[in-house]
Amino acid sequence: MTLQSAAIPYRIDEAGEVAVLLVSSRTQGRWILPKGKIGARMMARRSAEREAFEEAGVLGRIGREPVGSYRQPIGGGTDRGEVLVVHAFALRVTDELDVWQEMHQRQRKWFTIKEALRAVRDPEIKKMIRKFRSYLKQSARSEMPSAAD
């Protein structure tokens, strides 16, 4: 089992609509989350933040705890049963760069959550996006003042 980390870059507009930023994979052009190996002596969340910067050209505030984890086969689904375990962290985007490291290797595109669920083919990433939607709803509830306040 190999560990990696991913970012779920998102923004919320004035109307409260959530959009997530996906990037295209380099080989097949599928829509995915920015992810990669966890750097030596680097926390998983900081590694996810770095991947979002390199692959999608975005900066922001990364969550302290993962939204969740998902699994992917190593090497495009070999029969050896080797898997990646990817810890995914919410990244509230504060800055979108015009020029970034992998801009000539990948596309980036903002999607509503509904659109992202249609665009993503990987069932594990779809599950993570659904989990992220629930995570945002829980976060919003926990930030609301209680009646006792």
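Treat the numbers as computed from the prediction; the structure is a model and nothing was measured.

(A) Here's a closer look at the side chain of Ser-5. If you trace the backbone, Ser-5 turns up in strand S1 (residues 2–12). There is a polar contact of 3.1 Å between the side chain of Ser-5 and the backbone oxygen of Ala-44. Excluding residues that lie within four positions of it along the chain, Ser-5 makes contacts with Pro-34, Lys-35, Gly-36, Ile-38, Ala-44, Ser-47, Ala-48, Glu-51, Val-86, His-87 and Phe-89.

(B) Structural detail: the environment of Val-85. With respect to the helices, strands and loops of the structure, Val-85 is situated in strand S7 (residues 83–96). Separated by 13 residues in the primary sequence, Val-85 and Gln-72 have C-alpha atoms spaced 6.7 Å apart. In this view, Val-85 contacts Met-1, Thr-2, Leu-3, Gln-4, Ser-69, Tyr-70 and Arg-71; residues no more than four positions away in its chain are not counted.

(C) Just the pairing of S1, in detail. One ladder, built from nine bridges, connects S1 with S7; its direction is parallel. Bridging from a neighbouring strand, Ala-7 pairs with Phe-89 of S7. Relative to strand S4 (residues 35–37), S1 runs antiparallel, the two being bridged by three bridges. Paired with Ala-6 across the two strands is Lys-35, which belongs to S4. Note: S1 against strand S2 (residues 18–24), three bridges, orientation antiparallel. The residue bridging Ile-12 from the neighbouring strand is Val-18, located in S2.

(D) Broad picture of the pattern of salt bridges. Counted under the stated rule, the structure contains eight salt bridges. A salt bridge links Glu-96 to Arg-108, with the shortest nitrogen-to-oxygen separation between them at 3.5 Å. Remark: Arg-108 occurs in strand S8 (residues 108–112) and Glu-96 occurs in strand S7; sequence separation between them is twelve residues. Notably, a salt bridge pairs Glu-124 with Lys-127, separated by 3.3 Å at the nearest N-O pair. Remark: Lys-127 and Glu-124 occur in helix H3 (residues 123–143); sequence separation between them is three residues, near one turn of the helix. The exposure class assigned to Glu-124 is partly exposed, which follows from its relative accessible area of 24%. By sharing partners, the salt bridges in this structure join Arg-11, Glu-96 and Arg-108 into a single network.

The rules behind these values
Residues numbered from 1 in each chain as written. Predicted model: local features only at pLDDT ≥ 70, side-chain atom pairs only at ≥ 80, totals over all residues. Heavy atoms only, no water. Helix = DSSP H or I, 4+ residues; strand = E, 2+ residues; numbered from the N terminus. Polar contact = N/O pair within 3.5 Å; in protein donor to acceptor, adjacent residues only side chain to side chain. Contact = heavy atoms within 4.5 Å. Pairing = 2+ DSSP bridges. Salt bridge = Lys/Arg side-chain N within 4 Å of Asp/Glu carboxyl O. Buried < 20%, exposed > 50% of the residue type's maximum accessible area, 1.4 Å probe, protein only.

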